[in-house]
Amino acid sequence: MEKPAKTAKDELFPESRTRNLTEADLKGKSAWELTLIRNEIYARHGYVFKRAELANHFKKRPWYKPVTGDQERVWRQMSETERRNVEFIQEYQNRTGLRSLRPPSLMLPVQIASASLRFVPRTPSSQKQPEPPAPPAPPVRRKQPVICIDPGHPSEVGIGTRGRKVTEVGIAWEVALKIKKILEKEGWTVVLTKSREREYVKNRDRAMVANRANADLMVRLHCDSTGGSGTATFYPDRQGRKQGVRGPQQDVIDRSREMATVFHKTMMRSLKGSLRDRGLHADIKTLIGSRQGALTGSIFSRVPVLLVEMCVLPYPSDEAFIASEAGQMKMANAIADGIRAAIRRTSASGK
Ligand SMILES: [Zn+2]
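Residues numbered from 1 in each chain as written. Predicted model: local features only at pLDDT ≥ 70, side-chain atom pairs only at ≥ 80, totals over all residues.

A.B. asks: An account of the sheet that holds strand 10 (residues 305-312) is requested, with residue identities and associated values reported.
C.D. replies: With respect to topology, 6 strands assemble into an open sheet ordered 4-3-5-10-6-9, the strand pairing being mixed. Edge strands, defined here as strands with exactly one partner in the open sheet, are strand 4 (189-192) and strand 9 (277-282). Direction aside, neighbouring strands of the sheet carry axes that sit 20 degrees apart on average. Of the pairings in the sheet, the one linking strand 3 (residues 146-151) to strand 5 (residues 217-224) comprises 5 bridges and is parallel in character. The residue bridging isoleucine 149 from the neighbouring strand is valine 219, located in strand 5. Contacts from helix 8 (residues 250-271) reach strand 5, strand 6 (231-235), strand 9 and strand 10, with the element oriented near 170 degrees to strand 6. Each of strand 5 and strand 10 touches helix 11 (residues 316-323); the most contacted strand, strand 10, lies at about 110 degrees to it. (Pairing = 2+ DSSP bridges. Helix = DSSP H or I, 4+ residues; strand = E, 2+ residues; numbered from the N terminus. Axes fitted to C-alpha atoms, helices over the stretch in contact; angles between N-to-C directions. Contact = placed C-beta atoms within 7 Å.)

Here it is in structure tokens:
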């Protein structure tokens, strides 16, 4: 039984539950308004917001009943229309640069990259200010990064490869947990694409997890079954096609290339020769990429994405390295170093 529809009174955009929103619906809205309209869909299903600005906004709505902080659970409760609208608004915000986590009045003062504090004159609150069309440059007070870590397999392409002692699915899971711990210590948000080692998640759905989190970067962890020995990084360098969808968008391709380049160089330097450098390659160099144009996880990604083949598991010395606790830790640190460098590079260039 469906519960009776809650009152639409006081909702910013009640229609987001009943019909597909269009570009015309969103046009002219400020970054903060768009953020609210999108999150209102989560709020209707009782999502408990972690961000204070959103929590404060929704707790004032009489219809809002906070139930759970489990974003995936809330996602599953949404209707197809609501999910589509969340993704539509997110995509619109990414494309137009109208991304905001804060109401405009809380965005002052701004911290400039040189660490000097500058106060922007406050405009009278009675005067309605039009939202600027694009994010200002240099970027002001970036939020802490959000990273999506995707421990590979089990998925529609199988359970993954295995060595003599360890499995790809096991290693990817262990290294993912270590990276999560390292980056969370620094105040970053790390989202995993699954909640336990053997959870089956399709590659398309893994990309959707990164999209919903609006991650600054998605890093996919795998171990190769062939290729000699060593570590390689892959990124989408063109659009591919899967299930009638073409993707990723050109700006995702550009940002993935830039971030993967910095990432791979930094990761290999950090590994200090523990594993051979197999290089940085386009998705098209993989078996699936050669058929589709890009990997499935890349095609559906709306955020920058790269895939690391951490080692070649059937190769004995590669397996010995990654099977050890010290080797996993070294790999996790090297990947975290690569992520930090990639994020720094893109914030520095104002993207
Ligand atoms: Zn794999």
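There is more to say after this.
A.B. asks: Let's hear about helix 11: which residues, and what values?
C.D. replies: Within helix 11, the full set of buried residues consists of Asp318, Glu319, Phe321 and Ile322. The buried residues of helix 11 occupy one face: seen down the axis, they fall within an arc of 160 degrees. (Buried ≥ 20, exposed ≤ 12 C-beta atoms within 10 Å, placed from the backbone. Arc of directions from axis to C-beta.)

A.B. asks: Account for the nonpolar core, naming residues and giving values.
C.D. replies: Within the largest apolar cluster, 60 residues are counted, with the highest numbers of intra-cluster contacts made by Leu217, Val219, Leu306 and Ile335. The contact partners of leucine 306, leaving out residues within four places of it in the chain, are Val219, Thr233, Phe234, Tyr235, Ser256, Met259, Ala260 and Phe263. Listed in part, the 17 residues of the second largest apolar core include Phe13, Trp32, Ile37 and Ile89. (Core = buried A, V, L, I, M, F, W, Y, C linked by C-beta atoms within 7 Å.)

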